[in-house]
Amino acid sequence: MTKYTVPGVGPYGGSAGGWGALQAVARALRSQMAVTTDLRALLRANQPNGFDCPGCAWPDPRHTSSFEFCENGAKAVSWEATGKRATPDFFARHPVAELWGWSDHKLEDQGRLTHPLAYDHGSDRFVPVGWDEAFGRIGRALRRLPSPDLAEFYTSGRTSNEAAFLYQLFVRAFGTNNFPDCSNMCHEATSVGLPESIGVGKGTVSLDDFEHCDTIFCIGHNPGTNHPRMLATLRAAARRGVPIVVLNPLKERGLERFTAPQSPVEMLTLGATRIASSYLQVKVGGDVAALQGMMKALLEADARERAEGGDGLLDRAFIAQHTTGFAVLADQLAGLAWEAVEQASGLPRARLREAAAIYAGASRAIVCYGMGITQHRHGTSSVQQIANLLLLRGNIGRKGAGICPLRGHSNVQGDRTVGITEAPAAEFLERLGREFGFTPPSARGHNAVEAVQAIGAGRSRAMVCLGGNLAVAMADPELVFAGMRRLDLAVHVATKLNRSHLLTAGETILLPCLGRTEIDLQETGAQAVTVEDSMSMVHASRGGLEPASPELRSEPAIIAGIAAATLPGCGIDWAWLIADYDRIRDRIEAVFPDFAGYNRRILEPGGFRLPVAAAERVWHTPTGKACFLPAPGDAQAPPVRDPQALLLTTIRSHDQYNTTIYGLDDRYRGITGRRDVVFMNAQDLAALGLVHGERIDLEAVDPAEAGARPPRVLSGMTAVAHDIAPGSAAAYYPEANILVALDDHDPRSGTPSYKSVPVRIRKAAAAAA
């Protein structure tokens, strides 16, 4: 067979970071114009009295660095602070039917929304509308609903603590707990799994712990693209000799080697620091098996050492004092056949034993993980197996050790902390009701999957989205699109146009908001908002740029406007709250005691850390101890038994943040100017009779093999030979979401299985014809 020369596909020989990153920053600034004349936007990123980067949630080193932003952070800032504008004139020229045919990149690249807009069915266009009229329309539509539970209220992880708290207050005063949010689609397995294991749904480490650890495990994440500032932390650890063990299906450049743009020596010599000391390419969907294999190897080595008269490798004092369930886990691991572990994980037992030996040789270990762990049918159990591994050697609640979930959006963790959840705790509701003088609803609401299922079935009639691009981010987009178009009301608070906005309902309203980089001026003066990073640090964020339009309002002000129009006479003075955000923070403190001294403490350099009980070896579980939790019996089983099926994982390109597509390149994977590629192992290509560069179609396989679902096909893709584990494939999100069924998710957390989609791959129908 002929090996094709594939346009836009070629090897990338450089390291992560370095001159390539600086060139990409320069291109981003040039293309968006506004920041080229106002570099203050970048220099204020993650700084004292500056703004928090609207990108990832990796913590800042005490907010004191003079150069604390990364390539993708610069893209996020330039994308927000762009000089481009989507004005009413733009919408007058382009009907929605035309805009629907544009790419997602082109839609957002039109620039900042400048005026409130309402969809006009007669002209098929968005037309300007006054703020008061917009709020009035929304309020009347919500009040017309027979029940508050017929409305869904979505939250993006970029929303500040202040906006999120006001949002949940409004929605609960309205009468529902329907809070689908972006966490439901990424780290909900953490929020569900870790409380059962260690009593808290957050990580236990601080940034300082990375300076004291003596081994790091990186599982199912790609820092080079998704949280690049983490590379500086990994580089520092690697340079002091800390072993860094990676488990990931793809070889990712950011986990292999990194050139720090802040290092003159590395930049001038074109040098790099090796990151991974060991790289285990686990098969897609094989994480539970790999973790079980490591724990099995650890227990076997422990038994051998004790048989020889040693103390063993487990922290038995910690296990006895602080945990329950060890015997059950040990029995399960002893009963696992190594052959089954190898088959499910795609890794030979020798490699798993090597990884276990590195772990056993460390006094202080940190395990970092991302959505490569959580976005599976058994995502909750995968998280719990990581906790099990750490508990075996007492690596939670020890300096330099712990569990580190890598959150994506910059405040997705903070939103959950201040009340964005469909399953609120009774004590929280009691405090909220007491503080504001009403009885909040107690019935569990909808998560993201449940919300779109309800919309599709006609059981929900309204959707208010505080940021985000829910319809595109969600699994089974065609099904979701159809449901959203049947809504009575769709409201979107946004900085830019995206595809979800074009799914017009009976009444569709777009409300333009300020971005993180912009001055937020309220009645008492310029305001700061606060965010919580992945390690529970809360700090202030203050924009410094003039707003993109005088018509823009802040997210808190928009929420207050909707609330006042929807709930007249409810007894809450929304205008008074937003006049000074200190007042909102005072109320957060009253409802959440962990925020004691909130307004004073955010004035401290770097802010303050919220209490994390498990980090102090206090376990808020029913038993009062940390719990070893074995994986369910089917966690190693492949979702389908078709030997021709591969498991596909969706991935982000390097020119992308969640559904936002900055450009069409994926530099570290050697892709230029395109996104229509599927990364495959050369062995799998050959076994399927395919070659590198060939056009292919992908069809999702029904895991139940019941044949009840209509075919879900991604057509006209290009097969690219890549360094990925055999039996695995990868394609870009959100394009590949069409292959993920809405009901194919982790039943514990509701997280769609974006990272383990069984597919059959064949030559493209057009090519075959």
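Look up a bit, the structure's there.
Residues numbered from 1 in each chain as written. Predicted model: local features only at pLDDT ≥ 70, side-chain atom pairs only at ≥ 80, totals over all residues. Heavy atoms only, no water.

Caption draft 1: Main features of the overall build of the chain. Along its length, the chain carries 32 helices and 31 strands. Taken over C-alpha atoms, the radius of gyration comes to 25 Å for the chain, in line with the 27 Å a tight globule of 769 residues would show. Projected onto its principal axes, the C-alpha coordinates of the chain cover approximately 75 × 65 × 60 Å. Within the chain, the proportion of its 769 residues that are buried is 64%. Sequence-distant contacts, at least 24 apart, represent 79% of the contacts inside the chain between residues at least 6 apart. Of the roughly 26,600 Å² that the chain leaves accessible, carbon and sulfur atoms contribute 53%. Of the charged side chains in the chain, 77 are positive and 82 negative, and the gap between their average positions amounts to 3 Å. (Helix = DSSP H or I, 4+ residues; strand = E, 2+ residues; numbered from the N terminus. Rg over C-alpha atoms; globule rule 2.2 N^0.38 Å. Buried < 20%, exposed > 50% of the residue type's maximum accessible area, 1.4 Å probe, protein only. Contact = heavy atoms within 4.5 Å. Areas by Shrake-Rupley, 256 points an atom, 1.4 Å probe, with all protein chains shown as cover. Lys, Arg positive; Asp, Glu negative; His and termini not counted. Charge placed at Lys NZ, Arg CZ, Asp CG, Glu CD.)

Caption draft 2: Geometry of the pairing of strand β28 (residues 695-700). Pairing analysis gives 4 bridges linking β28 to strand β29 (residues 713-721), with the strands arranged antiparallel. For Ile696, the partnering residue across the bridge sits in β29 and is Met717. Pairing of β28 with strand β31 (residues 757-763) involves 5 bridges; the strand directions are antiparallel. By the bridge assignment for β31, Asp697 is matched with Arg762. (Pairing = 2+ DSSP bridges.)

Caption draft 3: Summary view of the pattern of salt bridges. Under the criterion given, the structure shown has 36 salt bridges. When the shortest N-O distance is used, the salt bridge between Glu300 and Arg353 registers 3.5 Å. With Glu300 in helix α15 (residues 287-307) and Arg353 in helix α19 (residues 349-360), the pair connects residues that are 53 residues apart, well separated along the chain. For Arg353, a relative accessible area of 36% gives the class partly exposed. Across the pair Asp315 and Arg398 runs a salt bridge whose closest N-O atoms are separated by 3.1 Å. In this pair, Asp315 sits in the loop between α15 and α16 (316-322) while Arg398 sits in the loop between α21 (379-392) and β14 (402-405), placing the two residues 83 residues apart along the sequence. The structure contains a network of salt bridges with shared partners spanning Glu133, Arg137 and Glu507. (Salt bridge = Lys/Arg side-chain N within 4 Å of Asp/Glu carboxyl O.)

Caption draft 4: Focus on the sheet that holds strand β20 (residues 529-532). Pairing is antiparallel across the open sheet formed by 3 strands, whose spatial order is β20-β21-β22. Only two strands of the sheet have a single neighbouring strand rather than two, namely β20 and β22 (608-609). Of the strand pairs in this sheet, β20 and strand β21 (residues 537-541) are connected by 4 bridges, and their pairing is antiparallel. From the neighbouring strand, Glu532 faces β21, where its bridge partner is Val538.

Caption draft 5: Broad picture of helix α10 (residues 188-198). Counting buried residues along α10, 8 of its 11 residues qualify, which places the element largely inside the surrounding structure. Listed in full, the buried residues belonging to α10 are Glu188, Ala189, Thr190, Ser191, Gly193, Leu194, Ser197 and Ile198. In the segment just after α10, Gly199 is the residue with positive phi, at about 90°.

Caption draft 6: Spatial organisation of the packing of α15 against α19. Taken N-terminus to C-terminus, the directions of α15 and α19 make an angle of 65°; their axes are 8 Å apart at the nearest point. Remark: the crossing between α15 and α19 carries right-handed chirality. Contacts between α15 and α19 pair Ala290, Gly293, Met294, Ala297, Leu298 and Glu300 from the former with Leu352, Arg353, Ala355, Ala356, Tyr359 and Ala360 from the latter. Looking at side-chain class alone, the contact of α15 with α19 contains 9 nonpolar, 1 polar and 2 charged residues. (Axes fitted to C-alpha atoms, helices over the stretch in contact; angles between N-to-C directions. Left-handed = near helix turned anticlockwise from the far one by under 90°. Nonpolar A, V, L, I, M, F, W, Y, C, P; charged D, E, K, R; others polar.)

Caption draft 7: Geometry of the sheet that holds β28. Spatially, 6 strands are ordered β24-β30-β27-β29-β28-β31 in a closed barrel, and the strand pairing comes out mixed. Neighbour-to-neighbour, the strand axes of the sheet open up by a mean angle of 45°, direction not taken into account. Two elements, strand β27 (residues 677-680) and β29, share 4 bridges in a ladder whose sense is parallel. When the sheet's bridge partners are listed, Phe679 is paired in β29 with Val720.

Caption draft 8: Up close: the environment of Thr421. Tracing the sequence through the fold places Thr421 in the loop between α22 (412-417) and α23 (426-436). Aside from chain neighbours lying at most four places away, what touches Thr421 is Arg172, Asn177, Phe179 and Arg416. Within polar-contact distance, the side chain of Thr421 engages the backbone nitrogen of Ala423 at 3.1 Å. (Polar contact = N/O pair within 3.5 Å; in protein donor to acceptor, adjacent residues only side chain to side chain.)

Caption draft 9: Main features of unusual backbone geometry. In this chain, Tyr733 is followed by Pro734 through a cis amide linkage whose omega measures 10°. Even without a glycine there, the phi angle at Asp124 is positive, about 55°. The residue Asp124 is located in the loop between β4 (117-120) and β5 (125-128) in this model. Look at Asn658: it is not a glycine, yet its phi comes out positive at around 55°. Mapped onto the elements of the fold, Asn658 is located in the loop between β25 (656-657) and β26 (660-661).

Caption draft 10: Geometry of the packing of aromatic side chains. Under the counting rule described, the total for this entry stands at 24 aromatic pairs. The interplanar angle of 75° and the centroid separation of 6.2 Å between the aromatic rings of Phe153 and Tyr167 together place this pair among those described as edge-to-face. In this pair, Phe153 sits in strand β6 (residues 151-155) while Tyr167 sits in helix α9 (residues 161-174), placing the two residues 14 residues apart along the sequence. Tyr167 carries the same exposure label as Phe153, and that label is buried. When the ring of Phe217 is compared with that of Tyr359, the centres are 6.1 Å apart and the planes differ by 80°; the resulting orientation is edge-to-face. With Phe217 in strand β7 (residues 215-219) and Tyr359 in helix α19, the pair connects residues that are 142 residues apart, well separated along the chain. For Phe217, a relative accessible area of 0% corresponds to the buried category. Exposure remark for Tyr359: the relative accessible area of 0% places this residue in the buried category. Members of the aromatic cluster, connected to one another through ring pairs, are Phe165, Phe428, Phe436, Phe592, Phe595, Tyr598 and Phe608. Between Arg499 and the ring centre of Trp100, over which it is positioned, the NZ or CZ distance is 4.8 Å. (Phe/Tyr/Trp six-rings, centres within 6.5 Å; stacked < 30°, edge-to-face > 60°. Lys NZ or Arg CZ within 6 Å of the ring centre and 35° of its normal.)

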